[in-house]
Amino acid sequence: MNTALKTLAEDSLRQMQELHQAHVRVLTSLAPMAGGLPPTAHLGRLGQWQELITQSVTRQMQSCQALMRVVAQPRLDASLFAETLAIQAAVMKRLAAQQADWVTGLQSIAAEAATVKKANTLSKLVDQEGDLYTRFNALLASQATATMELIESVQISLGYLVAQKEEE
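Being a predicted model, the structure only gives us computed values, none of them experimental. (Residues numbered from 1 in each chain as written. Predicted model: local features only at pLDDT ≥ 70, side-chain atom pairs only at ≥ 80, totals over all residues. Heavy atoms only, no water.)

Participant: Residues and numbers for the overall build of the protein chain, please.
Facilitator: What the protein chain contains, in helices and strands, is four helices and zero strands. Its helices and strands taken in sequence order, the protein chain reads α-α-α-α from the N to the C terminus. Long-range contacts, defined here as pairs at least 24 residues apart, represent 76% of the contacts in the protein chain between residues at least 6 apart. About 11,100 Å² of surface is accessible on the protein chain, with carbon and sulfur atoms providing 62% of the total. (Helix = DSSP H or I, 4+ residues; strand = E, 2+ residues; numbered from the N terminus. Contact = heavy atoms within 4.5 Å. Areas by Shrake-Rupley, 256 points an atom, 1.4 Å probe, with all protein chains shown as cover.)

Participant: Outline the pattern of salt bridges, supporting the account with residue identities and numerical values.
Facilitator: Under the defined criterion, the tally for this structure stands at two salt bridges. For Glu83, the salt bridge identified is with Lys165, shortest N-O distance 3.4 Å. Of this pair, Glu83 sits in helix α3 (residues 78-115) while Lys165 sits in helix α4 (residues 122-167); the two residues are 82 residues apart in sequence, bridging distant segments of the chain. Linking Glu112 and Arg135 is a salt bridge whose minimum nitrogen-to-oxygen distance equals 2.0 Å. Of this pair, Glu112 sits in helix α3 while Arg135 sits in helix α4, and the two are 23 residues apart along the sequence. For Arg135, a relative accessible area of 31% translates into the label partly exposed. (Salt bridge = Lys/Arg side-chain N within 4 Å of Asp/Glu carboxyl O. Buried < 20%, exposed > 50% of the residue type's maximum accessible area, 1.4 Å probe, protein only.)

Participant: Provide a residue-level description of a nonpolar patch on the surface, including the pertinent values.
Facilitator: On the surface, Leu106, Phe136 and Leu140 cluster together to form a nonpolar patch covering roughly 220 Å² of accessible area. For Leu106, a relative accessible area of 31% puts it in the partly exposed group. (Patch = residues over 30% accessible without salt bridge, like charges linked within 9 Å, V, L, I, M, F, W, Y side chains within 5 Å.)

Participant: Provide a residue-level description of the side chain of Gln155, including the pertinent values.
Facilitator: Within the secondary structure layout, Gln155 lies in helix α4. Separated by 2.9 Å, the side chain of Gln155 and the backbone oxygen of Ser56 make a polar contact. Sequence-distant contacts of Gln155, that is, excluding residues within four places in its chain, are made with Ser56, Arg59, Gln60 and Ser63. (Polar contact = N/O pair within 3.5 Å; in protein donor to acceptor, adjacent residues only side chain to side chain.)

Purely geometric stuff here, so don't read any function into it on its own.
Listed below in structure tokens is the structure:
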């Protein structure tokens, strides 16, 4: 049990570090140093993205490290394993719901696209196509938001679980 939890924490930590490094490489390649400014200084909101992603990665790494500390304690009981499995089950359930919403949304957009009337003017065609793109972008944004909310929820749940176990 300890080995499985330790491996899970180490893998999660490694993946988050790789994600952060990839993000930094992408931002650096997009914004070569200009006038001595940091790469993100002249990219507007990309700096905010980097800051928030860095905070998220840091929280994840801290949770993984704390989980590893708890797992390494000699008085570990099975409740940590059970609670970790419960968190994983909740994540899988939420991901399944998100996937179902994604498929339903795509099917709805495809059905609408199939029923779009033949436009006899360019302005009508642009309007119809614009509506489809708007719906797709809204679906994509809602999926991205739901995924980020899930990540944040897992971080909070793990942090709470680890804090409880450290107090015991």
